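Structural features, examined
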Protein chains: 4
Amino acid sequence: MGDGSPSTVFISNNILDLDMKSARIVKLKESLEVQEIEAPKPKGAQVLIKVHSAGVCHSDIHLWEGGYEGPHGLFLKTTDRGVKYPLTPGHEIAGTIDTLGEQAEGFSKNDKVLVYPWIGEGLCPACRIGEENLCDKPRSIGIYVDGGYSEYVLVPSYKYLVKIDEGMDIDAAATLSCSALTAYGAVKNANLKPDDNVVVVGAGGLGLMAIQLAKAVTGARIIAMDIDDKKLEVAKDEGAETTVNSKKEDPVKAIMELTDKLGADAVIDFVNASKTVEADMQFLRRRAKVVLVGLFGGELKLSLISMPTRAYRLSGSYTGTLSDLIELVSLAKRRVIKPLVSNRFKLNQATEALTMLKEGKIAGRGVINP
Amino acid sequence: MGDGSPSTVFISNNILDLDMKSARIVKLKESLEVQEIEAPKPKGAQVLIKVHSAGVCHSDIHLWEGGYEGPHGLFLKTTDRGVKYPLTPGHEIAGTIDTLGEQAEGFSKNDKVLVYPWIGEGLCPACRIGEENLCDKPRSIGIYVDGGYSEYVLVPSYKYLVKIDEGMDIDAAATLSCSALTAYGAVKNANLKPDDNVVVVGAGGLGLMAIQLAKAVTGARIIAMDIDDKKLEVAKDEGAETTVNSKKEDPVKAIMELTDKLGADAVIDFVNASKTVEADMQFLRRRAKVVLVGLFGGELKLSLISMPTRAYRLSGSYTGTLSDLIELVSLAKRRVIKPLVSNRFKLNQATEALTMLKEGKIAGRGVINP
Amino acid sequence: MGDGSPSTVFISNNILDLDMKSARIVKLKESLEVQEIEAPKPKGAQVLIKVHSAGVCHSDIHLWEGGYEGPHGLFLKTTDRGVKYPLTPGHEIAGTIDTLGEQAEGFSKNDKVLVYPWIGEGLCPACRIGEENLCDKPRSIGIYVDGGYSEYVLVPSYKYLVKIDEGMDIDAAATLSCSALTAYGAVKNANLKPDDNVVVVGAGGLGLMAIQLAKAVTGARIIAMDIDDKKLEVAKDEGAETTVNSKKEDPVKAIMELTDKLGADAVIDFVNASKTVEADMQFLRRRAKVVLVGLFGGELKLSLISMPTRAYRLSGSYTGTLSDLIELVSLAKRRVIKPLVSNRFKLNQATEALTMLKEGKIAGRGVINP
Amino acid sequence: MGDGSPSTVFISNNILDLDMKSARIVKLKESLEVQEIEAPKPKGAQVLIKVHSAGVCHSDIHLWEGGYEGPHGLFLKTTDRGVKYPLTPGHEIAGTIDTLGEQAEGFSKNDKVLVYPWIGEGLCPACRIGEENLCDKPRSIGIYVDGGYSEYVLVPSYKYLVKIDEGMDIDAAATLSCSALTAYGAVKNANLKPDDNVVVVGAGGLGLMAIQLAKAVTGARIIAMDIDDKKLEVAKDEGAETTVNSKKEDPVKAIMELTDKLGADAVIDFVNASKTVEADMQFLRRRAKVVLVGLFGGELKLSLISMPTRAYRLSGSYTGTLSDLIELVSLAKRRVIKPLVSNRFKLNQATEALTMLKEGKIAGRGVINP
């Protein structure tokens, strides 16, 4: 166990309709256990999906570690937010239809599908308008219920499935449902127009996808900011018009120069740490929109009087809607955007995948193929 | 001079087309001087207005004192923002047309008009869409150029004038262009729907007008919050469904109870001080909109991680557009809203008016009649 | 049977969990039959509702007659749109929870609820954003599946239920889900602002509710148009600022005069017949919005060149969203709007109710109490 | 004169500050006269522009012919719309600053600028929000006042000027202010999302630019429709995913097949003739948006009942806003869109330019260089 590979425990051995292996978080920070458990039987509108690809996401590390750093040095526990262990993580899921509940429809066995995981209770104002990702009482797959680090996953309704084309890379498709979706939600929140100067802070996976998307659907002038020149090179290839290495040059001075002293019309901050947002607030044009996405945490000392006098708008952005996901699938299918998968893992390599991600050893996006 | 009444200085005595008296800030914090100066002659699209009513606004006190408290205990100087003295304050102006520039049109001598004072340079993105109040380089009347504490005021274009009905109270009309306009801009920024719980923080003149407006055009459920029971009584009369005295009870607990533990969908904070906004942030529903309006100032320690996870939106709101003002005039004309004037002053009482306002001795809105 | 009262037929006599009486359309244009059939058993997320009130709507007459007059004198058959007989009509339904499917939640037995009937398949772009009323493949209750002219009705998911307060009149609440909802959807489509002149054509039940709603949430100036002075009197009481009897005076001339020769900014036409819309098109201001709601039918000869040069927008409006319905319930609960029920019927009076409605003998809204 | 070249008449020969040559419509349908007249002197905020490029637009032909065919075979006279002759046409104007009025600012002599010609009176609701192109009382340059077929043109305010980069082709820039602007306004009106199927009807200059723009800023799937295979080839190069030759195949059948029998989500019709719009209405998906742009004219027999039941939205689109134009300049400067000029003329070739355009002999856009 100490070798970092997940342990395999057989917890049920009786005659079942269907058994499945799942890589589960049983004890925080310890290796995930590959358990063989009974696959759930879909009832009503539910659908059982045979998982082909499950993306490995930074928030899976938070689940694994049981929380993350909040403001004032507080550690925010996942269990305080309603997460229960043991848990099978994995919210970026693509696969094929295995079994349809008796009220499920619109899909057939073996259809290739992507799963929308940001599911809500269905009764709050956000759910009523299709923004289940912002539900008062979320039930996201791989966070509040068992997810895709598993041979099978249960989806509560056929309505959360999106058909994907035979021609599409299924691993790449999986990454649309969180990585690309979060980038897209953020780009939409920034409400960009051509001639806007938008600064994308953080040219990691999400930032790069945001640059692709901003280029594809807004016409805005994109400035990428990061502390890594290699990432900034990629950012330029993806559509950034210019770049700023905030380690090598003063970000505030740089942006003011790039914008004729006007300041940025919008910032999308995929880091969202005290340091980055403090800088953001210094290079804003009047009326600027600041979209905060990253989960790094920390505090911002916000000057209250600057809010009305400068007419700023700060908004948090959290994943995206099912409707957004369908738009992404359409864009990816037509090669307008190009999600990339850099590493592939087997189910019993789940711990390794999370460790590599934590250590910054995954350049693009890692995917588990159970 | 030490008696608090403005001094009168005759600075021009030659034969002019038109002389006018103006109450001007010559030295910061000292009595305003009533100067007799030459009235400007309107050229091009400019219009000279004979002032009937000039509202007395809290921001006139900032101009008089030369600035206001910013974050970190800093005093923000008006001169650093481009204000130049001597200055005739007064941005809430109603009167009649005196002289039209040769390119001015659509109005005739003696027409009763309201002046839209939040004028921009005309070339920035905000100006292009009629949001001159958010211009990069504002030229607001009574702030950057001489205003309405005067017998006459020059308006740079006939386009900034709004006709008012013979039947309307001209003093009350004047207060629409800042007091009511700021309240209206804030209500619009909150984007309220019926069934939303909105908390209006601060039941002074602006807060009460916001309650009238939210009732008139949104259908939302309004909760008024203040520390003064008398104001809260008025708030109820104006349309608040319920009220919270945040001095007598814990505002967070109170709002959570009033909203079935869900939290507020929106807050409009007309105080915008550290203390009020800190409380605001504790009683928000996921997806809540916080509209910051007041100029009290101070800092907020904002938890950055709460922004994406809770999907909050904080926005500053600054006055309103010319289009908003026309809507207000229509609402007031039809008695859907009822702006109120509580105190009337003569031009040589300008210092007295500002002093009374500063000392909290003006219950509603004071107006100078030059 | 020839006496106009519905016939009662016992079609099942075996031992069942639950039998229920339903007034059904078995043969077009003949009396509805009160059949005693087995109540459906809710599975999955489904819920069985014990019906207290079922509103009687004009579109029920279309179902009864098997279609309606389309353009070119064509009769549009309901069966061509996918309606199947025998059918239990009734889409305005309020009642109490009887039985919850095993995946239904958020409600308890005997909860008083309103049913949202405009249900979609769940997979089209409209459904994804909560606009199921505009689904590509609608499954509306009382139209495509059995509805509320019955002791019980099956609702496909708990998500389509809206709790109603103990204090609310349950008959009046029922009428919110089509009559008021259609009026509300239309008002929202008109996108009214204060100072807009909006003409509401047709001061029947929907038009009057639209006037109430436009007054409550828009601040626009409302002009009611009808051919019946009594209805116009009521329209004034409900919030119309002025009225036009288009039988007694030329509607075009009247509107041009009432709008200072500018024309109307918006029209909401609850008749939507050739004659009314032809008149509408003559009294529009440039940029006007025309919202077409009624199902009267006929053709409009539309001048194509007037569309770009005058920048008109014509839009059809069909019922409303679940989110809209929740807003209506909130407005009704707080008495901001006041839905009215004029006639009450028993289940075996269904034919009588439809006949009276068809003959114009129901002034407000009729409701069946099974 | 019968040779087609404009006549030159010297109408003033006295000592003037500045004389200029203008190609003017003096008699309808006859050759334009090149008159030498006194250049206007800019007052107030006015600016005199030395014209470098003036685009030749189809609507100039309407001005030349005195009107166009309306519905019911009526000829709609330009004089009935307020046009007065003699008139110097030309509304697509780029050039350099010659003289600034005493209140004009933000620009210097010789600055390269593009003129926004769709100017309004400034007092209507459209003007107030920066939509002067939709003004109640338009004063468009080259239509209601003298335009750019001239050595100099007077612009009523510096606010209508947009700086253009030294690097930009000034002839191509000129075409942004009507041809590209109308395309852009139409694309914005269609409110496209990725995954929408949009049909662009008419692959002429405007249609092709709309395709470029829809590709650049919406991510929608574009279907180009025309009767000319060569134009459809170009449409594919510009970004159309697929094309339909409506002369060779049934457009309704073709679109239904290309959209999996769903129908188009949006249509932008740059022809806007009875025949094209009748076809459009047959291949619409429920909720479809139809944007009518062309000035071909004729009538549509619109089935009124289809409007609410199918929830269609028809809107006319007329040019675009100043804000839109600035966005276009930014897109063109960065080569996101590529406006093309195919023919260049001298001032005394104005009649030839209009004749060639009328006869379909100008493939892209013609520009006059006075």
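Residues numbered from 1 in each chain as written. Chains lettered and ligands numbered in written order. Predicted model: local features only at pLDDT ≥ 70, side-chain atom pairs only at ≥ 80, totals over all residues. Heavy atoms only, no water.

1. Brief notes about the sheet that holds strand β12 (residues 221–226) of chain A
- With mixed pairing, 12 strands are arranged side by side in an open sheet as β13(A)-β12(A)-β11(A)-β14(A)-β15(A)-β17(A)-β17(B)-β15(B)-β14(B)-β11(B)-β12(B)-β13(B). In this open sheet, the two strands that pair with only one neighbour each are β13 (242–245) of chain A together with β13 (242–245) of chain B. Geometrically, the sheet is characterised by an average inter-axis angle of 15° between neighbouring strands, direction not taken into account.
- By the bridge criterion, five bridges tie strand β11 (residues 197–201) of chain B to strand β12 (residues 221–226) of chain B in an arrangement that is parallel. Bridge pairing links Val199(B) to Ile223(B) in β12(B).
- Where helix α6 (residues 229–238) of chain B meets the sheet, its contacts fall on β12 and β13 of chain B, and the angle it forms with β13(B) comes to roughly 165°. (Pairing = 2+ DSSP bridges. Helix = DSSP H or I, 4+ residues; strand = E, 2+ residues; numbered from the N terminus. Axes fitted to C-alpha atoms, helices over the stretch in contact; angles between N-to-C directions. Contact = heavy atoms within 4.5 Å.)

2. Side note on the domain arrangement of chain A
Residue and element names in this part refer to chain A.
- Entries for chain A in the domain assignment read domain 1 (7–178 + 320–368) and domain 2 (180–316).
- The C-alpha centroid of domain 2 is placed 29 Å from the C-alpha centroid of domain 1.
- Each partner contributes to the interface: domain 1 provides 22 residues, whereas domain 2 provides 16 residues.
- Roughly 1,400 Å² of surface becomes buried between domain 1 and domain 2 when both sides are summed, with 61% attributable to carbon and sulfur atoms.
- Lys188 is paired through a salt bridge with Asp324; the nearest N and O atoms lie 2.8 Å apart.
- Of the residues forming the side of domain 1 that touches domain 2, the biggest block, five residues, is contributed by helix α10 (residues 322–333). (Domains from an automatic or database assignment. Buried area = accessible area lost by both parts, 1.4 Å probe. Salt bridge = Lys/Arg side-chain N within 4 Å of Asp/Glu carboxyl O.)

3. Points about the interface of chain A and chain B
- Taken together, the contact pairs 44 residues of chain A with 44 residues of chain B.
- When the area that chain A buries against chain B is broken down by residue, the three leading residues are Arg286(A), Leu304(A) and Ile305(A), summing to 20%.
- For the interface between chain A and chain B, the tally reads four salt bridges.
- The partner of Asp136(B) in a salt bridge is Arg287(A), and the shortest N-O contact between them spans 3.1 Å.
- Mapped onto the side of chain A that touches chain B, the elements with two or more residues apiece are β5 (67–69), α2 (125–128), α8 (274–280), β15 (284–292), β16 (299–303), α9 (306–310) and β17 (313–316) of chain A.
- In terms of residue count, β16(A) provides more of the side of chain A that touches chain B than any other element does, five residues in total.
- Partitioned by chemical class, the residues of the side of chain A that touches chain B number 25 nonpolar, 11 polar and eight charged.
- Pairing of β17(A) with strand β17 (residues 313–316) of chain B involves three bridges; the strand directions are antiparallel. In the strand pairing of β17(B), Ser315(A) is matched with Arg313(B). (Nonpolar A, V, L, I, M, F, W, Y, C, P; charged D, E, K, R; others polar.)

4. Quick notes on the relation of the copies chain C and chain A
- Once chain C is rotated about the relating axis by 180° and shifted along it by 0.0 Å, it coincides with chain A to within an RMSD of 0.0 Å. When the rotation and shift are considered jointly, the pair of chain copies conforms to a two-fold rotation axis. In terms of C-alpha distance to the rotation axis, chain C has Gly44(C) as its closest residue, with the C-alpha 2.0 Å off the axis.
- The overlap is high: 100% of the interface residues of chain C also sit at the interface in chain A, so the same surface is used on both sides. (Least-squares fit on C-alpha atoms with pLDDT ≥ 70 in both.)

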